Amino acid sequence: MSESPTLESTAKPAMPGSDEIVTLVVKHRIKAGQDGAYEAWLRRIVSVAGQWPGHLGVDVVRGKQGGLSLFTCVLRFCSTEAMQRWLDSSERRELVNEATPLLADGDQTEVASHKEFWFAPLADAATPPPRWKQSVVTLFVILPHTLLVPLLWGPLLQLNAFLSNYVVATFLITVTIVLSVVYVCMPLATRLFAPWLEASKAHEHLEPGHGQ
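Residues numbered from 1 in each chain as written. Predicted model: local features only at pLDDT ≥ 70, side-chain atom pairs only at ≥ 80, totals over all residues. Heavy atoms only, no water.

## A word on the overall build of the protein chain
Helix and strand counts for the protein chain come out as six helices and five strands. When its helices and strands are written in sequence order, the protein chain yields β-β-α-β-β-α-α-β-α-α-α. Contacts in the protein chain between residues at least 24 apart in sequence constitute 79% of all its contacts with a sequence separation of at least 6. Carbon and sulfur atoms provide 64% of the accessible area of the protein chain, an area that totals close to 11500 Å². (Helix = DSSP H or I, 4+ residues; strand = E, 2+ residues; numbered from the N terminus. Contact = heavy atoms within 4.5 Å. Areas by Shrake-Rupley, 256 points an atom, 1.4 Å probe, with all protein chains shown as cover.)

## Notes on a nonpolar patch on the surface
On the surface, a cluster of nonpolar side chains totalling about 760 Å² of accessible area is made up of Leu139, Phe140, Leu143, Leu147, Leu148, Leu151 and Leu152. Mapped onto the secondary structure, Leu151 falls in helix α4 (residues 131-157). Note on Leu151: relative accessible area 61%, which makes it exposed. (Patch = residues over 30% accessible without salt bridge, like charges linked within 9 Å, V, L, I, M, F, W, Y side chains within 5 Å. Salt bridge = Lys/Arg side-chain N within 4 Å of Asp/Glu carboxyl O. Buried < 20%, exposed > 50% of the residue type's maximum accessible area, 1.4 Å probe, protein only.)

## Some details on the packing of α4 against helix α5 (residues 166-192)
Following both chains from N to C, one finds α4 and α5 inclined at 140 degrees, their axes separated by 9 Å at the closest point. Comparing the axis directions of α4 and α5 gives the class oblique. Like other packed secondary-structure pairs, α4 and α5 cross with a definite hand, here right-handed. Between α4 and α5, the contacting residues are Val137, Thr138, Val141, Ile142, His145, Thr146, Val149, Pro150, Trp153 and Leu157 on the first element and Ala169, Leu172, Ile173, Thr176, Ile177, Ser180, Val181, Cys185, Met186 and Ala189 on the second. Residues of the contact of α4 with α5, tallied by class, amount to 15 nonpolar, five polar and no charged. (Axes fitted to C-alpha atoms, helices over the stretch in contact; angles between N-to-C directions. Parallel < 35°, antiparallel > 145°, perpendicular 65-115°, else oblique. Left-handed = near helix turned anticlockwise from the far one by under 90°. Nonpolar A, V, L, I, M, F, W, Y, C, P; charged D, E, K, R; others polar.)

In short, the description is geometric, and any link to function would need to be established separately.
Written out as C-alpha cells, the structure is:
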C-alpha cells in the first residue's frame, strides 16, 4: 500500500532544443535505516545533474512502498540525446554504483511519454492521473491565459502596423501563452493539485519498474 507522496522541485528556465522535451523517471526504494545516507547521496547527484548540458530541472517525490521509503526523481531534458548522454555518463555511473548498497531494488529508470510531461512528477504510481483530471487542470491553467494575454498584448500590438498583423499578433500571443504555461503555471498547478490528482490512487500498491 502506498502513502501520499510529498514533492519538492528544482527547475531552471532553460529553453528546449530542437527535439521534444524528454522526461526521465528514476525510482529508488531505500533499504531500512539507509534514508539519511540516501538523502545525502541524492543531494550530490541532483547537484551534478543540474550542471549537465540540456538538463531542465528535477522533481523529487517522496513516498512509501512496502514499508520502505520510495523516492521518484523526475528529470527533464531538452532532448533525447541530452538525456542519453547523462544516462551513459561516467559521472552518473559512478554515483549510482555508490548508491547501490542503499537500494532495495536497484536503479529503476524509465522514459515518460512527452504527452504526460506536465504530470510526470506524479509518476511514482503505476499510471498517470486520469485524463479527465489532467484535462481539468489544463483547462484551469490555459483559460485565464486565453482571456488575459490578448488584453495585455493589445496596447502594444496597436502601436505598430506589423505587430497588428493577424498572423504576427496571433504568433506573439500564442508564444506567450505556451512559455508561461509550460515553464511557470503548469508545473505550479500540478504541485498545487497533486493531492487531488493522486486521490484515486491513494491506496494503490506500487510495483517497482524495471530499467537501467
